[in-house]
Amino acid sequence: MVILTPTEYRPQKFINLVIVMDTDHVQRLKASLHFTMGKMCEEQETKTQISFDKNVIATITEILWQKIKLIAEDLEAFAKHGKRTTINLDDVKLLVRRNEDLKAILETLGSPNSEENAKIDKRKALVKKKKTDIPPEVHLDTDDDMFV
Amino acid sequence: MDNYLQLFERKKSSTKFKEGLIHEIIKLYTADQKVRIGGEVITAVNEIALRFVDEILWRTINQAHNEGVKDVNLDHIEKIIPQLLLDFA
């Protein structure tokens, strides 16, 4: 029989740089998220005159928290599957493969950077070419010194 | 009719998450400490989370408005949650 503990109480592994799953840290992050949610709800309230209950805002915070948790776990799994230690933009694109609109948004995020990279690579190639075009200077030893 | 359209004109919200907030939360839940996170990934996940929240707020407000109620309750969230979670994979 396996007893599952909620992730909040499951201790994380300690390594040199310690990011402990301690409740203080979690509470502070959740509070920050909650604050941002409150601001967004307020923004909508002023536009539509429809107000949000306090518990609704708390629920939305919790939903978003769980969502980000799932995203993190998925991204890490994708990176590991690709035998990488860094999470890529490609991993994120794999994450949203089922949602057409999100896919489109991520395409726009990826492309400006890839254009810059292409330009940088072109410049590097040109510089390398120029270096090989210049023939190396040849110093000819002359015998003139001997006949000073 | 115009009033309705004006009220429900759908714009992207101007508030954003605090700078490193999403990054911190992701760090919490990546079990392997050696995994590093690319720079563009944070902006991408920020986008996703922002759209997610926009969608929740938009759908709950719609639901409350359709019921003719002036406050958003937990019932409204209950009603939109299934479709929302399916839409966001």
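Rules behind the numbers
Residues numbered from 1 in each chain as written. Chains lettered and ligands numbered in written order. Predicted model: local features only at pLDDT ≥ 70, side-chain atom pairs only at ≥ 80, totals over all residues. Heavy atoms only, no water. UniProt positions renumbered as here; feature names shortened; annotations may be inferred. Helix = DSSP H or I, 4+ residues; strand = E, 2+ residues; numbered from the N terminus. Buried < 20%, exposed > 50% of the residue type's maximum accessible area, 1.4 Å probe, protein only. Contact = heavy atoms within 4.5 Å. Areas by Shrake-Rupley, 256 points an atom, 1.4 Å probe, with all protein chains shown as cover. Salt bridge = Lys/Arg side-chain N within 4 Å of Asp/Glu carboxyl O. pLDDT = per-residue confidence, 0-100. Buried area = accessible area lost by both parts, 1.4 Å probe. Polar contact = N/O pair within 3.5 Å; in protein donor to acceptor, adjacent residues only side chain to side chain. Nonpolar A, V, L, I, M, F, W, Y, C, P; charged D, E, K, R; others polar.

- The name an unreviewed UniProt entry assigns to chain B is Centromere protein X, from the organism Daphnia magna.
- For the record of chain B, the UniProt heading Subcellular location (unreviewed entry) holds the text "Nucleus".
- Here chain B is described in UniProt, under the heading Sequence similarities (unreviewed entry), as follows: "Belongs to the CENP-X/MHF2 family."

- With an unreviewed UniProt entry as reference, chain A is termed Centromere protein S, source organism Daphnia magna.
- As stated in UniProt under Sequence similarities (unreviewed entry), the record for chain A gives "Belongs to the TAF9 family. CENP-S/MHF1 subfamily."

**What about the overall build of chain B?**
Here is step 1: Counting its secondary structure elements, chain B contains four helices and two strands.
Here is step 2: Its helices and strands in sequence order give chain B the pattern α-α-β-α-β-α, from N to C terminus.
Here is step 3: Looking at chain B as a whole, 44% of its 89 residues are labelled buried.
Here is step 4: Considering only contacts within chain B whose residues lie at least 6 apart along the sequence, 64% involve residues at least 24 apart.
Here is step 5: For chain B, the accessible surface area stands at approximately 4,900 Å², while carbon and sulfur atoms represent 50% of it.

**Side note on the pattern of salt bridges**
Here is step 1: Applying the stated criterion across every chain yields a total of ten salt bridges over all chains.
Here is step 2: A salt bridge links Glu100(A) to Lys103(A); its shortest N-O distance comes to 3.7 Å. Here Glu100(A) pairs with Lys103(A), and both are found in helix H4 (residues 100–133), just three residues apart, close to one helical turn.
Here is step 3: With relative accessibility at 56%, the residue Glu100(A) sits in the exposed group.
Here is step 4: With a shortest N-O distance of 3.0 Å, Glu67(B) and Lys79(B) are connected by a salt bridge. Taken together, the residues span a long stretch of sequence, with Glu67(B) in helix H3 (residues 39–67) and Lys79(B) in helix H4 (residues 74–87) at a distance of twelve residues.

**What about the confidence of the model for chain A?**
Residues and elements named next belong to chain A.
Here is step 1: This prediction gives chain A a mean pLDDT of 78; 64% of its residues lie at or above 70.
Here is step 2: Ranking the helices and strands of chain A by mean pLDDT puts helix H2 (residues 54–81) first, with 93, and H4 last, with 71.
Here is step 3: A low-confidence stretch, residues 14–20 (pLDDT under 50), is modelled with seven contacts involving residues beyond four sequence positions or located in other chains.

**Considerations on the interface of chain B and chain A**
Here is step 1: Counting from both sides, the interface comprises 56 residues of chain B and, opposite them, 57 residues of chain A.
Here is step 2: Across the chain B to chain A interface the summed buried area is about 5,300 Å²; carbon plus sulfur atoms make up 71%.
Here is step 3: For the pair chain B and chain A, the interface holds ten residue pairs in polar contact (both at pLDDT 80 or more).
Here is step 4: Mapped onto the side of chain B that touches chain A, the elements with two or more residues apiece are helix H2 (21–29), strand E1 (36–37), H3, strand E2 (71–72) and H4 of chain B.
Here is step 5: If one sorts the elements of the side of chain B that touches chain A by residue count, H3(B) sits on top with 18 residues.
Here is step 6: In terms of residue class, the side of chain B that touches chain A is built from 31 nonpolar, ten polar and 15 charged.

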